[in-house]
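Listed below, chain by chain, are the residues.
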Amino acid sequence: MMPVMDERFSAFSFVDRITALEPGKWARGRFTVPSGLPEFSTCLVAEAVGQLAAWVAMAQAEFRRRPVAALSGEMRIVREAAPGGVLDLGVEVESGDRDTVVFAGWARLADTPVLALSRCVGPMLPQEDFDAPEAVRGDFETLCGPGARPARFRGIAKPDLVLLDRVPGQRLRAAMNVPLSAPFFADHFPRRPVFPASLLLDAQVRLALRLAGETLPPGPRLRPARVADVKMRSFILPGQTVEIEAAIRSATDETAELSLAATVDGKRVATGRVEIDARVPA
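1. Notes on the confidence of the model for the chain
Averaged over all residues, the pLDDT of the chain is 93; the fraction at 70 or higher stands at 96%. A low-confidence stretch, residues 1-5 (pLDDT under 50), is modelled with eight contacts involving residues beyond four sequence positions or located in other chains.

2. Digging into the environment of arginine 273
Structurally, the position occupied by arginine 273 is in strand 13 (residues 267-277). Linking arginine 273 and lysine 231, residues 42 residues apart in sequence, is a C-alpha distance of 9.9 Å. One polar contact links arginine 273 to glutamate 257, side chain to side chain, over a distance of 2.4 Å.

3. Remarks on the pairing of strand 10 (residues 223-232)
Looking along a regular strand, one sees the side chains alternate between the two faces of the sheet. Counting buried positions along strand 10 yields eight of ten residues, so the element is predominantly enclosed. Bridging between strand 4 (residues 71-77) and strand 10 involves five bridges; their strand directions are antiparallel. The residue of strand 10 that forms the bridge with methionine 75 is valine 227. Of the strand pairs in this sheet, strand 10 and strand 13 are connected by seven bridges, and their pairing is antiparallel. Bridge pairing in strand 13 links valine 227 to valine 274.

4. Considerations on the packing of helix 2 (residues 42-60) against helix 3 (residues 133-144)
As a packed pair, helix 2 and helix 3 sit with axes 11 Å apart at the nearest point and diverge in direction by 120°. Classified by the interaxial angle, the pair formed by helix 2 and helix 3 is oblique. Seen from above, helix 2 lies across helix 3 with left-handed handedness. Taking contact as the criterion, the partners of Trp55, Met58 and Ala59 in helix 2 are, on helix 3, Val136, Asp139, Phe140 and Leu143. For the contact of helix 2 with helix 3, a count of residues per class yields six nonpolar, no polar and one charged.

5. Focus on the nonpolar core
Judged by nonpolar contacts, the single largest core of 81 residues is most densely connected at Phe40, Trp55, Leu87, Leu89, Leu115, Leu200 and Val242. It is helix 2 that contributes the most residues to this core, 13 residues altogether.

6. As for helix 2
Residues spaced three or four apart along an α-helix point in a common direction, a consequence of the helix completing one turn every 3.6 residues. The end-to-end C-alpha distance of helix 2 is 28 Å, a good match for the 27 Å that 19 residues give at a rise of 1.5 Å each. Taking burial as the measure, the 19 residues of helix 2 include 16 buried ones, the bulk of the element. Of the residues flanking the start of helix 2, the one acting as N-cap is serine 41, its side-chain oxygen 3.0 Å from the backbone nitrogen of cysteine 43. Backbone geometry just downstream of helix 2 places glutamate 62 in the positive-phi region, at approximately 55°.

7. Regarding the side chain of serine 72
Looking at the element boundaries, serine 72 is found in strand 4. Assessed through its relative accessible area of 17%, serine 72 is described here as buried. Dropping the residues within four chain positions of it, serine 72 is found in contact with Leu117, Ser118, Arg119, Cys120, Ala228, Asp229 and Val230.

8. Examining the packing of aromatic side chains
Per the stated rule, a full pass over the model turns up 13 aromatic pairs. Arranged with centres 6.1 Å apart and planes meeting at 55°, the rings of phenylalanine 12 and phenylalanine 184 form a pair that is tilted. Residue phenylalanine 12 is found in the loop between helix 1 (5-8) and strand 1 (17-22), and its partner phenylalanine 184 is found in the loop between strand 9 (171-177) and helix 4 (197-215); the two are separated by 172 residues along the sequence. The ring of tryptophan 106 carries the charged tip of arginine 108 above its face, separated from the ring centre by 3.9 Å.

9. Overview of the state of the cysteines
Under the counting rule described, the total for this entry stands at zero disulfides. The cysteine cysteine 43 is free of any disulfide, with cysteine 120 supplying the nearest cysteine sulfur at 13 Å. The class of cysteine 43 is buried, set by a relative accessible area of 7%. With relative accessibility at 4%, the residue cysteine 120 sits in the buried group.

10. Quick notes on unusual backbone geometry
Most peptide bonds take the trans form, and the phi angle of most residues other than glycine is negative. Residue phenylalanine 189 follows histidine 188 across a cis peptide bond; omega there is 5°. Of note in the backbone geometry, arginine 119 takes a positive phi value of approximately 55° without being a glycine. Within the secondary structure, arginine 119 is located in strand 7 (residues 112-126). At aspartate 229, a residue that is not glycine, the phi angle is positive and equals roughly 55°. Its location among the elements puts aspartate 229 in strand 10. For aspartate 229, a relative accessible area of 40% gives the class partly exposed.

Conventions used here
Residues numbered from 1 in each chain as written. Predicted model: local features only at pLDDT ≥ 70, side-chain atom pairs only at ≥ 80, totals over all residues. Heavy atoms only, no water. pLDDT = per-residue confidence, 0-100. Contact = heavy atoms within 4.5 Å. Helix = DSSP H or I, 4+ residues; strand = E, 2+ residues; numbered from the N terminus. Polar contact = N/O pair within 3.5 Å; in protein donor to acceptor, adjacent residues only side chain to side chain. Buried < 20%, exposed > 50% of the residue type's maximum accessible area, 1.4 Å probe, protein only. Pairing = 2+ DSSP bridges. Axes fitted to C-alpha atoms, helices over the stretch in contact; angles between N-to-C directions. Parallel < 35°, antiparallel > 145°, perpendicular 65-115°, else oblique. Left-handed = near helix turned anticlockwise from the far one by under 90°. Nonpolar A, V, L, I, M, F, W, Y, C, P; charged D, E, K, R; others polar. Core = buried A, V, L, I, M, F, W, Y, C linked by side-chain atoms within 4.5 Å. Expected span 1.5 Å × (residues − 1). Phe/Tyr/Trp six-rings, centres within 6.5 Å; stacked < 30°, edge-to-face > 60°. Lys NZ or Arg CZ within 6 Å of the ring centre and 35° of its normal. Disulfide = S-S within 2.5 Å.

The following block contains the structure:
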């Protein structure tokens, strides 16, 4: 019989199995990137690490509370995670209580680093606002036992970015329409659908790459190398229109640092910085 979790969580779940755990302290996990995908965003790799940390925090809170994305001090990106690869995930909880969890984490393909997260902070909110606590407890037991069926994730259609304003080589502003319904809302979250912060960041990085391409000299393919000081100020809801902006802070012949911002109805909902690298990875 297939685990119940496969029916509840399939469109936005990036931990197939928790392979080791010290309650409230650390965990190791695994996620197989489905081979049929055209790509797997680095922001979704970060989502996988964050979900593993969430399982540790929720278990420690006896599934009465859960963390939501709020702050990420730094994400260092080493390489992409190719479809078909098996991600080894790790998290270390630096501190945690009823109200907040602070953690660091990493993802690897075999022995090769993919990314590392540090100084991540998630406020703990009532679990029952987002999902049924006993159902989440059952999902956790499945992950710590036989694990969930791999290759459940079938990809996500990236929202189109409609350009609103452009100052060549300096700033780009675009609009993104959040769908009223999408498969990932069933996971994020069953009782309170919220647009994932990782998908917002992916859209912001796409816009930043476009702007950096206007600024840096032609050469190797541009890639995000570092994301810092990401702050989510409020939830983004189904059906809302988000305006995102990328602006050049500094640039050399090899790198560009850009500021990121997102607003909904004129209210700022997210900020951050990204470093785009034109150098070939070592």
